[in-house]
Amino acid sequence: FTSTRETIHHSLVMRRCLQKLLPRRSVPLVTPVRLLSSPPTDPPSDQSSFLSLFPSLATSLSNDPTTQDLHPHLSSHISSLLHYTVPGGKMNRGLSVPATFQLLVQPSPTNTTSQQLHLASVLGWTVELLQAFFLVADDIMDESVTRRGQPCWYKKQEIGLGAFNDSIILETCVYSIIRNHFRSEPYYLDLLENMLEVTKFTTYGQSLDTLSAHNFTQVKGQPNSLESFDMSRYTAIVKYKTSYYSFYLPVVLAMNMAGIKDQELFEGAKTILLEIGHYFQVTDDFLDCFGDPAVTGKVGTDIQDGKCSWIVVKALEKASDEQKNILALHYGSHKEEDVKVVKDLYDQLGLVEIYKTYESGFYTDIMEHIEKVCAGKAVPKEVFTTFLNKVYKRTK
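This is a predicted model, so every value here is computed, not measured.

### Quick look at the overall build of the protein
Reasoning step 1: From N to C terminus, the protein includes 17 helices and two strands.
Reasoning step 2: The burial tally for the protein puts 46% of its 396 residues in the buried class.
Reasoning step 3: Long-range contacts, defined as pairs at least 24 residues apart, comprise 79% of the intrachain contacts of the protein with a sequence gap of at least 6.
Reasoning step 4: Accessible surface for the protein amounts to roughly 20,100 Å². Of this, 53% is attributable to carbon and sulfur atoms.

### With respect to unusual backbone geometry
Reasoning step 1: Its identity as a non-glycine residue notwithstanding, Met91 has a phi of 65°, on the positive side.
Reasoning step 2: For Met91, the position within the fold is in the loop between α4 (71–85) and α5 (92–104).
Reasoning step 3: Judged by its relative accessible area of 6%, Met91 falls in the buried class.
Reasoning step 4: At Lys393, a residue that is not glycine, the phi angle is positive and equals roughly 60°.

### Section: helix α14 (residues 321–330)
Reasoning step 1: Those residues of α14 that fall on the buried side of the exposure criterion are Gln323, Leu327 and Ala328. Projection of α14 onto a plane perpendicular to its axis shows the buried side chains occupying an angular sector of 140°, all on one side. Opposite the buried face of α14, by more than 90 degrees, sit the exposed residues Asp321 and Glu322.
Reasoning step 2: Following α14 by one or two positions, Gly332 adopts a phi angle in the positive range, close to 90°.

### Some points on the pattern of salt bridges
Reasoning step 1: This model, assessed by the stated rule, comprises ten salt bridges.
Reasoning step 2: Ionic pairing is found between Arg147 and Asp139, a salt bridge with its closest N-O pair at 2.7 Å.
Reasoning step 3: Residue class for Arg147 comes out partly exposed when judged on its relative accessible area of 27%.
Reasoning step 4: Owing to a relative accessible area of 3%, Asp139 belongs among the buried residues under this scheme.
Reasoning step 5: In this structure, the salt-bridge partner of Glu371 is Lys381, at a minimum N-O distance of 3.2 Å. Pair noted here: Glu371 is in helix α16 (residues 351–374) and Lys381 is in the loop between α16 and α17 (382–391), with a separation of ten residues, a long-range link.

### Some words on the confidence of the model for the protein
Reasoning step 1: When pLDDT is averaged along the protein, the result is 85, and 87% of the positions lie at 70 or above.
Reasoning step 2: Within the protein, helix α13 (residues 310–318) carries the highest mean pLDDT (96), whereas helix α1 (residues 4–21) carries the lowest (45).
Reasoning step 3: Confidence drops under pLDDT 50 across residues 1–45; counting only partners more than four residues distant or on other chains, this segment forms 68 contacts.

### Regarding the nonpolar core
Reasoning step 1: Leu82, Phe182, Tyr346 and Phe384 are the most contacted members of the largest nonpolar core, which has 112 residues in total.
Reasoning step 2: The dominant element in this core, judged by the number of residues it contributes, is helix α6 (residues 113–142), at 14 residues.
Reasoning step 3: When near neighbours in sequence (up to four residues on either side) are disregarded, Phe384 contacts Ala269, Ile272, Leu273, Ile276, Ile370, Val373, Cys374 and Val379.

### Some words on helix α3 (residues 54–62)
Reasoning step 1: Buried within α3 we find Phe54, Leu57, Ala58, Leu61 and Ser62. Buried residues of α3, seen end-on, are gathered within an arc of 130° and therefore sit on one face of the element.
Reasoning step 2: Those residues of α3 hidden inside the fold are in contact with α2 (47–52), α4, α6 and α7 (163–182).

### Details of the environment of Ser96
Reasoning step 1: Following the sequence through the fold, Ser96 ends up in helix α5.
Reasoning step 2: Relative accessible area serves as the criterion here: at 6%, Ser96 is assigned to the buried category.
Reasoning step 3: Along the primary structure Ser96 and Gly124 are separated by 28 residues, whereas in three dimensions their C-alpha atoms are 7.2 Å apart.
Reasoning step 4: Within polar-contact distance, the side chain of Ser96 engages the backbone oxygen of Asn92 at 2.6 Å.

### Side note on a positive patch on the surface
Reasoning step 1: A surface patch of like charges, here positive, comprises Lys90, Lys298, Lys307 and Lys396.
Reasoning step 2: As for its position among the elements, Lys90 is in the loop between α4 and α5.
Reasoning step 3: The class of Lys90 is exposed, set by a relative accessible area of 66%.

### Regarding the packing of aromatic side chains
Reasoning step 1: This model, assessed by the stated rule, comprises 26 aromatic pairs.
Reasoning step 2: Taken together, a centroid distance of 6.5 Å and an interplanar angle of 45° make the contact between Phe290 and Tyr346 tilted. You can see Phe290 sitting in helix α10 (residues 263–290) and its partner Tyr346 sitting in helix α15 (residues 336–348), a full 56 residues away along the chain.
Reasoning step 3: Note on Tyr346: relative accessible area 1%, which makes it buried.

### Focus on the environment of Ser225
Reasoning step 1: Positionally, Ser225 belongs in the loop between α8 (188–219) and α9 (231–257).
Reasoning step 2: Expressed as a C-alpha distance, the spacing of Ser225 and Lys324, which sit 99 residues apart in the sequence, is 9.7 Å.
Reasoning step 3: Other than its neighbours up to four places away in sequence, Ser225 contacts Phe216, Val219, Lys220 and Ala328.
Reasoning step 4: In terms of polar contacts, Ser225 uses its side chain to reach the backbone carbonyl oxygen of Gln222, at 3.0 Å.

Thresholds, definitions, all that
- Residues numbered from 1 in each chain as written.
- Predicted model: local features only at pLDDT ≥ 70, side-chain atom pairs only at ≥ 80, totals over all residues.
- Heavy atoms only, no water.
- Helix = DSSP H or I, 4+ residues; strand = E, 2+ residues; numbered from the N terminus.
- Buried < 20%, exposed > 50% of the residue type's maximum accessible area, 1.4 Å probe, protein only.
- Contact = heavy atoms within 4.5 Å.
- Areas by Shrake-Rupley, 256 points an atom, 1.4 Å probe, with all protein chains shown as cover.
- Arc of directions from axis to C-beta.
- Salt bridge = Lys/Arg side-chain N within 4 Å of Asp/Glu carboxyl O.
- pLDDT = per-residue confidence, 0-100.
- Core = buried A, V, L, I, M, F, W, Y, C linked by side-chain atoms within 4.5 Å.
- Polar contact = N/O pair within 3.5 Å; in protein donor to acceptor, adjacent residues only side chain to side chain.
- Patch = residues over 30% accessible without salt bridge, like charges linked within 9 Å, V, L, I, M, F, W, Y side chains within 5 Å.
- Lys, Arg positive; Asp, Glu negative; His and termini not counted.
- Charge placed at Lys NZ, Arg CZ, Asp CG, Glu CD.
- Phe/Tyr/Trp six-rings, centres within 6.5 Å; stacked < 30°, edge-to-face > 60°.

The structure is reproduced here in structure tokens:
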């Protein structure tokens, strides 16, 4: 059968041909403007309103009108898949789409804000579906046991490794929603290209992370076992596995929906959001090792799991040859005495202070970038500071 990506590629080609034949719109559907001094009250981007859209979307996806003969056999399974794997998290990625869109547009005689915000929320659910696709597949590869306080989808007795195919079903749902709700919009192609690009990048990042973990497992406990753990590898894993889809994707979707065309703005937004994503992961790595479990809600295991984390990379940058050898011999072990050796070495190297210096420098740099990109432009700085305020100096 034809793959999802081949079908989408064919649709993109056909769409471009039609666009050349049909007259272009002289005015974008939504004009990009600066943030209102007083945002509209009762925004539909709050969590409860956002969540209220999911049941109808799930029903529509479970009863695909193009495959009515499959409904008696498959609709119940797809419905269970969607309800089990998609909602249940914090939904920050999905909520960021309508929240960002609301910052980019204001009411006008030609723009029905409530209707457009509803569409932005629907678009937000495509990001949550993409997240579910990644997580279901990731849990299989990592042999995880639980996800969001319940057994992983593949761990359910009636599912098993069929969960891999189910993850692909979740990916197709992304494009079903975009096609059903946005096909007539002038930014339809942009949304498809955003999704295809970010999905590709995320799978590259996942591959690099998996290969890094596998290669370390082969030499764990041996001298020079940490040679491949450097900042170049770490930065690439974070950028492609996490930052693109968690930080960049929600904003670029909202920008395209808002009718923004300035490529310089897109590039500036990408730089800022990938930097915030990098900082987010660095903080996550720091809290895994130095955070208070009573606050974070979990006991860190990056040392035991042999993760290529920012902490071990910075330790290797500062360590002497003797200290590097100690790390190589003890890193990746679940024995308490080995973990203690590693943590004691981290303390000797002053990694808490190194992190604080990095965090302070990051904030100064990112604020300069935000001011530069947003000066007199169609993107208000609140688009970026909203993300920044959620992650800066967090303790969990």
